[in-house]
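The primary structure of each chain is shown beneath.
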Amino acid sequence: MSNLLLTAILLGLVSFGYTYGRKHAFTTGHSIGGISKLHSRPTYHGMLIAMWCILPTFLVLLIWEAIEPSVISSMVVSSLPEKYISLPPERLGLILNDVKNLAQGLNFGSTVDPVLLEASIHYQQLQQTGINIKSASIIVMAIAGLLIGFKFFSPKLRARNHVEQIVRCFLILCSLIAIFTTIGIVLSVLFEAIRFFQKIPVGDFLFGLTWSPQTSIRPDQVGASGEFGAVPVFGGTILISAIAMLVAAPTGLMSAIYLSEYASKKVRATAKPLIEILAGVPTVVYGFFAALVIAPLIRDAGTAVGLEVSSESALAAGLIMGIMIIPFVMSISDDVINAVPQTLRDGSYGLGATKSETIKNVVIPAALPGIVGGLLLAVSRAIGETMIVVMAAGLSANLTANPLQAVTTVTVQIVTLLVGDQEFDSSKTLAAFALGLLLFVVTLILNVLALYIVRKYREEYE
Amino acid sequence: MNNQKPMDIVQAGLAKRYKKEKRFKLIGLSAIIFSLMFLVFLFSSIFLNGYKAFYQAELRIDVFFDPALLDIKDPASANFDALVKKSLRTTFPDVKKRKEKKKLYGLVSTDGSFQLRDMVLADPALVGQNRSVWLLADDDVDMLMKGYIDRNLPQSDRRISDVQIGWIDKLIDAGRVKFRFNIGFFTNGDSREPESAGILGAAMGSFYMLAITLVLSFPIGIGAAIYLEEFAAKNRITDIIEVNINNLAAVPSIVFGLLGLAVFLNFFHLPRSAPLVGGLVLFLMTLPTIIITGRVALQSVPPSIREAALGVGASKMQAVLHHVLPLAMPGMLTGAIIGMARALGESAPLLMIGMVAFIVDIPAGITDPATALPVQIYLWADSPERAFVERTSAAIMVLLTFLVLMNGTAVYLRSKFERRW
């Protein structure tokens, strides 16, 4: 039975449960002297019955989908001849894969082991039986749920409270997904990173000065695991982020000051959304622009004055990244500056200070914690930005402070190590996760710090 | 010095201070102008690079649908490539050398044979007849016609040789070259040949992904926002959830890609390169944004609404679901659309889960291999052909159009339904 048909049947049962349950509640209510005699309104009775129908069924379905593949696999394996079962688990896994491919009609080898062919037929049969059992049990579950729902129905049933309880559970589940995401990130990155650190010592990774993950040509060669010193990679990240912040911090801050202190309402209403468009432009567009327009521009300008500029210079990537961050810095600074109470400004004007003196000596110092927090958030964004550097920065890990040379960044390395075919136990791919862990930790610290500062600052003036 | 009046000291410094004031204001203004100029620069350079991709050169070639070459019983598998070559040879009969012939064949796109095949499949009676057919020109011809290839360069420095330019000029003189609106760009999948590469495959991939993202993140985000804003007790756990959501919103997107790779691909063994996985990753990525905007929308509904509902006997759940939520809906929708727009432009996490493959077929479902629009842009940006630069810019224009539409809808919704209490 196809999934579509099954879904349709389930939906039919659920809507039947709802409409019929509701109708049943109405008729019962009328027979005992008006529906106000019911504890809950008929709609809630209908909903409760529908939930009885779908929720247990859904649970069963989830459990089934989770365990079915492994159960079938183990059944297939146990039916194989003895000489296959005694194989080491990796080999057995490969054989199992062959069986599954055969079952799907894919045959990559010219000759097929008759044992495997038989196993694949067995596998297909098991799968078919599995689908049949699943469909039957789900429909039985749904009908049983309906019956239980109707059985529990009584005018005194607190249907509304039950329904609301279930909805509440759903809401709690929704808000927990964010937590699960964080746990998932931490676990997935940490788990692979630990496997990496079993091969490469943590000290070598954190303090090593050479990054060349691609050196292995033969698996058994000396030093085949490459060198994984993350310092040049982080150096490149810091260099590009610093250039970006040199562009974004003054521009964003001055834009915010001008917009909130000087600009007329009309200018503010047009200029602010226009600049915020920059924040909505996809980063891949910036990357393309940096690589196609800005990098050649900088290289030509450099050659004109006799400088040697790499075509993947840190300057081009940093410059464009800075422009991407401007609206971000601007919005946060704008918020923060607007939160400074007008009385502080008035006091300063009253003493005869000009507007710029007031801004420099009163507003900015008062808003400083918030601005610093915003800048920290911007730094964290610059460090984590991927597409611009992937497209406009280099791949070779140079430890340099010269913005005209090509450097690489953490995100670039993660992308280059993980794009394409991977085997999941080489230190090359695992290194990407170690970098990811570092990236996550660094940005997390920056974010926590920044959010804390901004929050503290807001409380000060509220 | 001391017998100067304070007013005099002030007066003396005043001019200088006003100058400083003016300078400061000017710096602020120039910061804004800098950002705006860059915006104009960015958009105009993308436009100038890309607008020519919307039309494309075609060559008119006289084709004799030779029955000797085309097996009438099975036209689908016939050698249409040879037909194209033969027609080119008849158009330029004086080309004899093998090397030159090869160059001649290079004038027409390799997809020209598919064009002829489609014609014959649509009308088998064509076989044995003479027809004058507009065939897609090769991308180098297209680039030459659009003026991107400099004729004055030495032959070795350009992708098109002197003989070829001579033939093209002949064709132009005979009125056999024209530009036509590039429909293929909107209806084709990816291709190695720039002239027949299109964005439909990537756009469909993006569409499936966004559909999954929306279906998951909107209800779940709203559910979480309602719980945290309306029901959750203010205690340590809710505090942790809140801080956690705020931090999650600032986690680099590539980390979500790592999560998707480790969890969805390696643990759950979902198919690689599938919009399903992309949608799941983007869902996790946009969820914090939607929760945060949803909470803001709920906060903006005044407490009096809740109190009135509770006062006439509604339960807490009824008050929230029947009265507060509908009033907060426009704000939540706006947040969701902005979140979707961001998800549409996102590419870094998709690189991690294998959505960067070269995929010609247009995906027909959420488990088919696919790319997304921004990833397609990334892939094309990496291609060396000049024609792909043009196409990349055109694809960017399409992507930006979608983003403008989405954000425009969000702004419109906000201005139309926003209520000040």
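Just so we're clear, the structure is a prediction, and the values are computed from it rather than from any experiment.

**A short note on the overall build of chain B**
Now for step 1: Across its full length, chain B holds 16 helices and 3 strands.
Now for step 2: Computed over C-alpha atoms, the radius of gyration of chain B comes to 31 Å, more than 25% over the 22 Å expected from 2.2 N^0.38 for 421 residues, which places it beyond the range of a compact globule.
Now for step 3: The principal-axis extent of the C-alpha atoms belonging to chain B is close to 95 × 75 × 40 Å.
Now for step 4: Look at the contacts in chain B between residues 6 or more apart in sequence, and 76% of them connect residues 24 or more apart.

**A closer look at the overall build of chain A**
Now for step 1: Along chain A, the regular secondary structure elements total 16 helices and 2 strands.
Now for step 2: Radius of gyration (C-alpha) of chain A: 32 Å, far over the 23 Å computed for a compact globule of 462 residues.
Now for step 3: Principal-axis analysis of the C-alpha atoms gives chain A an extent of 85 × 75 × 35 Å.
Now for step 4: In chain A, which comprises 462 residues, the share counted as buried stands at 41%.
Now for step 5: The long-range share in chain A, meaning contacts at least 24 apart out of those at least 6 apart in sequence, stands at 73%.

**Digging into unusual backbone geometry**
Residues and elements named next belong to chain B.
Now for step 1: Phi at His269 is positive, roughly 55 degrees, even though this residue is not glycine.
Now for step 2: Relative to the helices and strands, His269 resides in the loop between helix H10 (253-265) and helix H11 (275-299).
Now for step 3: Residues other than glycine seldom take positive phi values, yet Ser273 does so here, at roughly 60 degrees.
Now for step 4: If you trace the backbone, Ser273 turns up in the loop between H10 and H11.
Now for step 5: The class of Ser273 is buried, set by 22 C-beta atoms lying within 10 Å.

**Observations concerning the sheet that holds strand E3 (residues 177-181) of chain B**
Two pairing modes exist for strands in a sheet, parallel and antiparallel, and in both the strands are linked by backbone hydrogen bonds.
Residues and elements named next belong to chain B.
Now for step 1: Pairing is antiparallel across the open sheet formed by 3 strands, whose spatial order is E2-E1-E3. Only two strands of the sheet have a single partner each, and these edge strands are strand E2 (130-136) and E3. Averaged over neighbouring strand pairs, the angle between their axes works out to 40 degrees when direction is ignored.
Now for step 2: Relative to E3, strand E1 (residues 55-64) runs antiparallel, the two being bridged by 5 bridges. Counted as the bridge partner of Ala57 is Phe179 from E3.
Now for step 3: Against the sheet, helix H4 (residues 112-122) engages E1 and E2, with an angle of about 135 degrees to E2.

**Observations regarding the domain arrangement of chain A**
Now for step 1: Domain assignment breaks chain A into domain 1 (3-157) and domain 2 (227-461).
Now for step 2: Measuring from the centre of the C-alpha atoms in domain 1 of chain A to the corresponding centre in domain 2 of chain A gives 50 Å.

**Description of the nonpolar core**
Now for step 1: Judged by nonpolar contacts, the single largest core of 192 residues is most densely connected at Ala290, Ala317, Ile320, Val329, Ile388 and Ala392 of chain A.
Now for step 2: Counting residues per element, this core draws most heavily on helix H11 (residues 314-339) of chain A, which supplies 17 residues.
Now for step 3: Setting aside anything within four residues of it in sequence, one finds Ala290 of chain A in contact with Ala295, Ala316, Ala317, Ile320, Ile388, Met391 and Ala392 of chain A.
Now for step 4: Judged by nonpolar contacts, the second largest core, of 25 residues, contains Ala57, Phe65, Leu83 and Val84 of chain B.

**Brief notes about the environment of Asp346 of chain A**
Residues and elements named next belong to chain A.
Now for step 1: Its location among the elements puts Asp346 in helix H12 (residues 342-350).
Now for step 2: For Asp346, a count of 11 C-beta atoms within 10 Å puts it in the exposed group.
Now for step 3: Each C-alpha atom, one on Asp346 and one on Ala314, is 45 Å from the other, the two residues being 32 residues apart in sequence.

**Let's talk about the domain arrangement of chain B**
Now for step 1: Along its sequence, chain B is carved into domain 1 (57-180) and domain 2 (200-417).
Now for step 2: Taken over C-alpha atoms, the centre of domain 1 of chain B sits 46 Å from the centre of domain 2 of chain B.

**A look at the pairing of E1 of chain B**
Now for step 1: Sheet analysis places E1 of chain B next to E2 of chain B, joined by 7 bridges and oriented antiparallel. Among the inter-strand pairings, Val63 of chain B is bridged to a residue of E2 of chain B, identified as Arg131 of chain B.

**Re the interface of chain B and chain A**
Now for step 1: Of the residues lining the interface, 65 residues belong to chain B; the matching set on chain A comes to 65 residues.
Now for step 2: Top element by residues in the side of chain B that touches chain A is helix H1 (residues 6-50) of chain B. It accounts for 17 residues.
Now for step 3: Residues of the side of chain B that touches chain A, tallied by class, amount to 47 nonpolar, 14 polar and 4 charged.

**A closer look at the packing of helix H15 (residues 373-381) of chain B against helix H16 (residues 386-417) of chain B**
Residues and elements named next belong to chain B.
Now for step 1: Here H15 crosses H16 at 165 degrees, and the two axes come no closer than 9 Å. Here H15 is positioned roughly antiparallel relative to H16, judged by the angle of their axes. Classified by chirality, the crossing of H16 by H15 is left-handed. Residues Leu373, Pro374, Gln376, Ile377, Trp380 and Ala381 of H15 lie in contact with H16, whose contacting residues are Phe388, Arg391, Thr392, Ala395, Ile396 and Leu399.
Now for step 2: Partitioned by chemical class, the residues of the contact of H15 with H16 number 9 nonpolar, 2 polar and 1 charged.

**Things to note about the confidence of the model for chain A**
Note that predicted coordinates carrying low pLDDT should not be read in detail.
Now for step 1: Overall, the prediction assigns chain A a mean pLDDT of 86, with 94% of residues at 70 or greater.
Now for step 2: Model confidence for chain A, summarised as mean pLDDT per element, is weakest for helix H3 (residues 82-85) of chain A at 74 and strongest for H12 of chain A at 94.

**Re the environment of Leu258 of chain B**
Now for step 1: Within the secondary structure, Leu258 of chain B is located in helix H10.
Now for step 2: With 27 C-beta atoms packed within 10 Å, Leu258 of chain B lands in the buried category.
Now for step 3: Along the chain, Leu258 of chain B and Val281 of chain B lie 23 residues apart, while their C-alpha atoms are 9.5 Å from each other.
Now for step 4: Residue contacts for Leu258 of chain B: discarding those within four places in its chain leaves Ser188, Val189, Phe433 and Gly436 of chain A together with Met352 of chain B.

**Points about the confidence of the model for chain B**
Residue and element names in this part refer to chain B.
Now for step 1: For chain B, the average pLDDT comes to 88, and 97% of its residues sit at 70 or higher.
Now for step 2: Across chain B, the secondary-structure element scoring lowest on mean pLDDT is H4, at 82, and the one scoring highest is helix H12 (residues 303-311), at 95.
Now for step 3: The complex model carries a pTM of 0.88, and its ipTM stands at 0.90.

Rules and cut-offs
Residues numbered from 1 in each chain as written. Chains lettered and ligands numbered in written order. Predicted model: local features only at pLDDT ≥ 70, side-chain atom pairs only at ≥ 80, totals over all residues. Helix = DSSP H or I, 4+ residues; strand = E, 2+ residues; numbered from the N terminus. Rg over C-alpha atoms; globule rule 2.2 N^0.38 Å. Contact = placed C-beta atoms within 7 Å. Buried ≥ 20, exposed ≤ 12 C-beta atoms within 10 Å, placed from the backbone. Pairing = 2+ DSSP bridges. Axes fitted to C-alpha atoms, helices over the stretch in contact; angles between N-to-C directions. Domains from an automatic or database assignment. Core = buried A, V, L, I, M, F, W, Y, C linked by C-beta atoms within 7 Å. Nonpolar A, V, L, I, M, F, W, Y, C, P; charged D, E, K, R; others polar. Parallel < 35°, antiparallel > 145°, perpendicular 65-115°, else oblique. Left-handed = near helix turned anticlockwise from the far one by under 90°. pLDDT = per-residue confidence, 0-100.

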